[in-house]
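Listed below, chain by chain, are the residues.
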Number of protein chains: 2
Amino acid sequence: MARRSGAATIAEVAKAAGVSPATVSRVMNDRFVGDPAVAERVRAVAADLSYSPSHFARSLALGQTKAIAFIVPDLANPAFQAVLSGLSKAAGRDGYRVLVADSSENPDEEPLLAREVRRRCDAIVLCAPRMSDEELSEIAGSLEPLVLINRTGSGDAVPSLAIDYRAGIRSLAEHLHSLGHRHLVYVEGPERSVSNRYRRDGLEEFERDTPGARVTRVAGGATTDDGIAAAPRVRETGATAALAFNDLVAIGLLNGLVDLGVEVPAEISVTGFDDIPFARFTTPPLTTASVPHPELGTQAWQRLLAVIRGEDPEPDLVLQPHVEIRSSTARPEHSA
Amino acid sequence: MARRSGAATIAEVAKAAGVSPATVSRVMNDRFVGDPAVAERVRAVAADLSYSPSHFARSLALGQTKAIAFIVPDLANPAFQAVLSGLSKAAGRDGYRVLVADSSENPDEEPLLAREVRRRCDAIVLCAPRMSDEELSEIAGSLEPLVLINRTGSGDAVPSLAIDYRAGIRSLAEHLHSLGHRHLVYVEGPERSVSNRYRRDGLEEFERDTPGARVTRVAGGATTDDGIAAAPRVRETGATAALAFNDLVAIGLLNGLVDLGVEVPAEISVTGFDDIPFARFTTPPLTTASVPHPELGTQAWQRLLAVIRGEDPEPDLVLQPHVEIRSSTARPEHSA
DNA sequence: GAGCGATAGGAAAGCGCTTTCTCGTACTCG
DNA sequence: CGAGTACGAGAAAGCGCTTTCCTATCGCTC
């Protein structure tokens, strides 16, 4: 038995207005066709009692909530916020709200988080780079309607949207190579991150296809602090250019290098990934690869809505990053 | 009538296990005291059908959701994220989830947003700097349990937590004054923002109490872009130091000034507010005033939980910002 | 003026779960 | 060995809302 939360119920409104709950419901949902005076009375009473229908009860009766969930690995990363913003705007236009959940607190419980959050709404957009493929395909079924971000073809027929990290980082590496860099160092993302794997693949391709080029790898992470911590390791490699897992890491790295007395880009060039708004404001401004993140959100919504409606979603999309050249990259010193 | 979402219901589990729904419910909630074999069977069947209880139905029956909402004016601002992070951790420890809503899309509908979101959960933490006092006290009642952030004593007995922007910005101004600056310029926050008013108050106090000091005001906003746009206006004032509404604006301003060829801090000192993580990484690193934001979230949860439980919350708290001196502030040129 | 269709609005079932009440069974104790 | 107790588990009500019937009333036509 619920402790009454003080809010008026439909029954109370009905009684006060001298009509049946059914009528109140109809009036509230603009499905009422009878005497306008009755509707008016109901509305007045409802306003008077400041009645507003209970969400749970509605959801229960209707079987839908008009809400979707968005799970991100780290809400503090502006790149995900940009996706969220696009998603939330798009969903809002169709009358849907989005619930945000951040799995950074405990990544291990991501599947649980997803499941739990999913049950509070009609569908879910999942961005879970650290979840294993097995875990993913295991829970995918129980999460539908579902759209995946940055996880391509998990075998299942789940619509997905991805950024081509592989191609993006390769372009970045090629940019550095064209400047004259031969020894690059990649500051890795989180151990279990799938998108880190894509980047590694891209770099391996680059290395293979580019005679004379070499890519060393050092441990990193996904945050500015990880970037700072990686600075000494980067310097030790002797590489003339560093590719960071993302902009956050790059920013940390930039500062870590400065603290070590290393000049960027004179001694070491640095690149990021994502082109977060702050990337323009670093010193020197960060060369990075970007993708229109809000677009990712919009596209995700299109597909999710289709799935919700039982229609066929548009085909999967793999967005190609665009290299944004700024001044954190330059020719290596000795080659000048 | 709900369209069945494919998920198993308690009735199905009950039937499959040859028991009553009541028993299933009890087993699922660890309230079962009977034959362990029965419990085991129920659990097995539940697992088999991958049953998980419907949230709405539970909420409806229980009258509670174990979720709270957090409304922020702008999720892109790292300061609010820090609050969110503290809140979410604290609430999580008590088994509560937090739903995040960002009102930046359309600030005018903040009251509606709050109301709607509130009905999806048990309580709400509201950070609505742009809502008018009237609007606020108008809806406060319908939002309870409620904790307010950065809105002190709205007359009503709503627990609140605030940052002392007035004192904080005053300290910043005094820091600049002590460096020798006499003409300061304040880059205003959003027009209707209450926290902007506090800052203005602080600066007026400073001006009144500090003979020879002068504070000009120019239009600004709350984002980096607003900061960039304010740069020419700042320069025109001829002030030797600029206090920005927050760090985001300060960062924009820093860059806007550089673009205009103005050197910081040589020609103009700049300060921010909030000490977001990026503040350390600007060039020059930003002098700012800070408050432990996650702590704000934790404190908010303490109070909210008390209110939810019908207990008396701890008294309101006004956190005192600490001035973080970095190198975006220095003695004015001619005084050197 | 009788018979018909249309229409306004109520009764009731059902969404899935929790929980009180109740009943039947298996004990225990005198 | 019978009465009383304890305990396991089911029946049913209720959370607040929507929606499908369904009935009663009205207005019309011939």
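Source: prediction; values computed, not measured. (Residues numbered from 1 in each chain as written. Chains lettered and ligands numbered in written order. Predicted model: local features only at pLDDT ≥ 70, side-chain atom pairs only at ≥ 80, totals over all residues. Heavy atoms only, no water.)

All names here are of chain B. Residues Ser160 and Ala162 line one face of strand β5 (residues 160-163) and the alternating positions Leu161 and Ile163 line the opposite face, and both faces are buried. One ladder, built from two bridges, connects strand β4 (residues 146-149) with β5; its direction is parallel. Across the sheet, isoleucine 149 pairs through a bridge with leucine 161, a residue of β5. Here three bridges tie β5 to strand β11 (residues 317-319), and the two strands are oriented parallel to one another. Paired with isoleucine 163 across the strands is leucine 319, a residue of β11. (Buried < 20%, exposed > 50% of the residue type's maximum accessible area, 1.4 Å probe, protein only. Helix = DSSP H or I, 4+ residues; strand = E, 2+ residues; numbered from the N terminus. Pairing = 2+ DSSP bridges.)

What follows covers empty space enclosed by the protein. Enumeration according to the criterion identifies one cavity of 30 Å³ or more in this entry. The space that makes up the largest cavity amounts to roughly 170 Å³. Lining the largest cavity are His55, Phe56, Ser59, Thr65, Leu99 and Arg120 of chain A together with His55, Phe56, Ser59, Thr65, Leu99 and Arg120 of chain B. For the lining of the largest cavity, the secondary structure elements donating two or more residues are α4 (55-62) of chain A together with α4 (55-62) of chain B. In terms of residue class, the lining of the largest cavity is made up of four nonpolar, six polar and two charged. (1 Å grid on protein atoms, 1.4 Å probe; cavity = no way out; pocket = protein on both sides within 12 Å on 5 of 7 lines; lining within 4 Å. Points joined across faces, edges and corners; volume = space filled by probe spheres on them. Nonpolar A, V, L, I, M, F, W, Y, C, P; charged D, E, K, R; others polar.)

To summarise the sheet geometry, strands pair through backbone hydrogen bonds and adopt either a parallel or an antiparallel arrangement. Residue and element names in this part refer to chain B. Taking strand neighbours across the sheet as the criterion, the four strands line up as β7-β6-β8-β9 in an open arrangement whose pairing is parallel. Two strands in the sheet have a free side with no partner beyond their single neighbour: β7 (214-218) and β9 (269-271). Recorded for the sheet is a direction-independent mean angle of 25° between the axes of neighbouring strands. Pairing of strand β6 (residues 183-187) with β7, which is carried by five bridges, proceeds in the parallel orientation. (Axes fitted to C-alpha atoms, helices over the stretch in contact; angles between N-to-C directions.)

Residues and elements named next belong to chain B. If you trace the six strands from one edge of the open sheet to the other, you get β2-β1-β3-β4-β5-β11, paired in parallel fashion. For this open sheet the edge positions go to β2 (97-102) and β11, each flanked by a neighbour on one side alone. Ignoring which end each strand starts from, the neighbouring axes of this sheet average 15° apart.

This part covers the environment of glutamate 295 of chain A. By secondary structure assignment, the location of glutamate 295 of chain A is in helix α12 (residues 293-308). The spatial distance from the C-alpha of glutamate 295 of chain A to the C-alpha of serine 85 of chain A is 9.4 Å, given a sequence separation of 210 residues.

Geometric values such as these leave the question of function open.
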